[in-house]
Every structure is written in C-alpha cells, then in structure tokens.
Amino acid sequence: MSIKVDQVLDCKGLSCPLPIVRTKKAMDQLEAGQVIEVQATDKGSLADIQGWARNTGNQYLGTKEEGDVLKHYLRKSNPGEVKEAAKFEHTIQNDELEKVLAENKEDMLLLDVREPAEYEFKRIPGAVSIPLGELESKLDTLDKNKEIHVICRTGSRSDMAAQMLAENGFQRVKNVLPGMVEWNGPTE
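Because the structure is predicted, anything quoted here is derived from the model rather than measured.

**Comments concerning the overall build of the protein chain**
From N to C terminus, the protein chain includes six helices and nine strands. What you see for the protein chain is a C-alpha radius of gyration of 17 Å, in line with the 16 Å of a compact globule of 188 residues. Projected onto the principal axes, the alpha-carbon positions of the protein chain cover approximately 55 × 35 × 25 Å. Per-residue burial over the protein chain gives 45% buried out of 188 residues.

In structure tokens:
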C-alpha cells in the first residue's frame with residue numbers, strides 16, 4: 001500500500017522536541033487536507049506526534065516502521081478543526097521540585113515520561129518511569145489522590161502527559177520545567 005503524500009519531512013537523527021518543532025513548521029505551510037510524512041528515528045516521536053496532533057486538532061493517520069525509521073502520517077485539518085496547542089497551566093520549576101523532593105512527602109509521585117533508554121542513563125531517585133506512549137494504558141496504576149509531578153527532557157512530553165492526567169480526573173498535577181535537560185539535583 002502506498003500512501004499519497006504532499007510533503008516528506010526528514011527528522012531522522014533528531015530527538016525531542018525537534019521532530020515536533022519541524023513538523024509544526026511544515027504543517028503551517030500545508031493546505032488543509034494535505035498529508036505529510038514525517039520520517040524519524042527517535043522512538044519517542046510516535047507518542048510525541050500523536051499527542052501533538054491530539055492537542056492541535058490535526059489528524060494523526062498512522063505510522064509505518066521501516067527498519068529504524070518511523071514514518072508518521074498526518075493530515076492538516078481545516079482551519080475550524082485546528083486549535084493552538086494548549087500548554088498545561090500548573091507548572092513547577094526544577095529548583096522548586098528539588099525542595100519538594102527533599103521534604104520526602106508520602107503523597108507525592110514523580111512521574112518520568114521519557115523513553116526507557118533516557119530514564120536508564122539519568123533519572124531522579126524515586127522517579128517512576130511510564131513513557132508517554134504507554135501512559136494512557138497505565139492510568140489505573142496511578143493514585144489520583146497523590147500530587148503528581150511530571151517530568152521529561154524538555155517539558156514538552158510532560159506537558160502532554162499532564163494534560164492527559166488532568167483530563168482523566170487527576171486533580172493535583174504539575175508539569176516540571178525545564179525538565180531533565182537542565183536538572184542539577186540528584187540523579188542515579
């Protein structure tokens with residue numbers, strides 16, 4: 001099956017948030033109804049692209065895997081269907097999170113939504129790993145009564161995760177900014 005595309009965007013070798021940044025720029029240039037193929041090698045790009053499409057109202061059509069390359073297909077929605085990607089309003093800065101972690105609260109959970117390899121090499125002690133792409137299927141494993149701080153590399157996947165948690169009845173959610181990229185606190 002060959003898919004007719006109007007544009008091919010090469011994001012091979014790029015990691016979050018670059019595939020999304022480039023996809024957004026390319027989508028801005030397309031006409032409504034046109035289809036773009038985004039080629040990426042970052043495994044996390046699947047959840048990122050799906051989340052971005054859901055947040056903006058553009059249509060995620062599907063992904064094909066060819067070797068190491070993920071080919072994501074998106075359709076540009078009509079202007080009435082598109083919305084500005086929302087930012088999650090409740091945030092906490094890295095240095096504030098460090099203080100909260102030092103208090104060692106029982107009712108607080110640090111949720112790391114990066115890919116397993118990112119988590120494996122550098123993580124905050126006590127953080128629970130649930131990659132963004134698996135979060136929806138694992139919501140029932142999280143305690144809705146806890147205060148949940150969501151972290152990723154740059155704050156963009158954690159933003160999508162925080163929105164998903166809030167939409168599913170989690171009241172005490174904060175997105176950690178700017179995330180692991182500038183984390184100076186303890187790691188393991």
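Moving on, there is more to tell.
**Remarks on the packing of helix H2 (residues 45-56) against helix H6 (residues 156-167)**
Orientation of H2 relative to H6, taken along the N-to-C sense of each, is 60°, at an axis distance of 10 Å. On the basis of the axis angle, H2 is oblique to H6. Where H2 crosses over H6, the two elements pack in a sense that is left-handed. In this structure, H2 contributes Asp48, Gly51, Trp52, Arg54 and Asn55 to the contact, and H6 contributes Arg157, Met160, Gln163 and Met164. Here the residues of the contact of H2 with H6 sort into three nonpolar, three polar and three charged.

**Considerations on the nonpolar core**
In globular proteins that are soluble, nonpolar side chains generally tend to be buried together. Counting residues in each nonpolar core, the largest one holds 20 residues, and the members touching the most others are Leu111, Leu135, Leu142, Val150 and Leu165. Listed by contribution, the elements that provide at least two residues to this core are strand S6 (108-112), helix H5 (132-138), strand S8 (147-151) and H6. Of the residues forming this core, the biggest block, five residues, is contributed by H6. Among all residues touching Val150, those that are not within four sequence positions of it are Leu111, Val113, Ser158, Ala161, Ala162, Leu165, Val173, Lys174, Asn175 and Val176. Counting residues in hydrophobic clusters, the runner-up holds 14 residues, among them Leu9, Leu14, Met27 and Leu30.

**Regarding the UniProt feature "domain: Rhodanese" (unreviewed entry) in the protein chain**
Look at the UniProt record and you will see "domain: Rhodanese" (unreviewed entry) annotated at residues 104-185. What you have in residues 104-185 is 30% helix and 21% strand, and the ends, taken at the C-alpha atoms, are 14 Å apart.

**Notes on helix H1 (residues 18-29)**
A rise of 1.5 Å per residue sets the reference length of H1, with its 12 residues, at 16 Å; its end C-alpha atoms lie 17 Å apart and thus fit the reference within 8%. On its buried side, H1 packs onto strand S1 (7-11), strand S2 (35-40), H2 and strand S4 (69-75).

**What about the environment of Lys76?**
Looking at where Lys76 falls in the secondary structure, it is placed in the loop between S4 and strand S5 (91-93). On the accessibility criterion, Lys76 (16% relative accessible area) is buried. It is 31 Å that separates the C-alpha atoms of Lys76 and Phe170, two residues lying 94 residues apart in sequence. Once you skip the residues sitting within four places of it in the chain, Lys76 turns out to touch Met27, Asp28, Leu30, Glu31, Ala32, Gly33, Gln34 and Asn58. Among the polar contacts listed, one links the side chain of Lys76 to the backbone oxygen of Met27, at a separation of 2.8 Å.

**Some thoughts on the sheet that holds strand S3 (residues 59-66)**
Sheet architecture is open: four strands sit in the order S1-S2-S4-S3, paired in mixed fashion. Every interior strand has two partners, whereas the edge strands, S1 and S3, have only one. In this sheet, adjacent strand axes meet at a mean angle of 20° when their direction is disregarded.

**As for the pattern of salt bridges**
When the charged atoms of two side chains with opposite charge come close together, those side chains can pair. All told, the structure shown has 12 salt bridges when counted by the stated rule. Among the salt bridges present, the one from Arg157 reaches Glu118, with a minimum N-O distance of 2.8 Å. Of this pair, Arg157 sits in helix H6 while Glu118 sits in helix H4 (residues 116-121), placing them 39 residues apart in sequence. For Arg157, a relative accessible area of 1% translates into the label buried. The partner of Arg123 in a salt bridge is Glu188, with the nearest N and O atoms 3.2 Å apart. Within this pair, whereas Arg123 is found in the loop between H4 and strand S7 (128-129), its partner Glu188 is found in the segment after strand S9 (173-177), the two being separated by 65 residues in sequence.

Reading the values: the criteria
- Residues numbered from 1 in each chain as written.
- Predicted model: local features only at pLDDT ≥ 70, side-chain atom pairs only at ≥ 80, totals over all residues.
- Heavy atoms only, no water.
- Helix = DSSP H or I, 4+ residues; strand = E, 2+ residues; numbered from the N terminus.
- Rg over C-alpha atoms; globule rule 2.2 N^0.38 Å.
- Buried < 20%, exposed > 50% of the residue type's maximum accessible area, 1.4 Å probe, protein only.
- Axes fitted to C-alpha atoms, helices over the stretch in contact; angles between N-to-C directions.
- Parallel < 35°, antiparallel > 145°, perpendicular 65-115°, else oblique.
- Left-handed = near helix turned anticlockwise from the far one by under 90°.
- Contact = heavy atoms within 4.5 Å.
- Nonpolar A, V, L, I, M, F, W, Y, C, P; charged D, E, K, R; others polar.
- Core = buried A, V, L, I, M, F, W, Y, C linked by side-chain atoms within 4.5 Å.
- UniProt positions renumbered as here; feature names shortened; annotations may be inferred.
- Expected span 1.5 Å × (residues − 1).
- Polar contact = N/O pair within 3.5 Å; in protein donor to acceptor, adjacent residues only side chain to side chain.
- Pairing = 2+ DSSP bridges.
- Salt bridge = Lys/Arg side-chain N within 4 Å of Asp/Glu carboxyl O.

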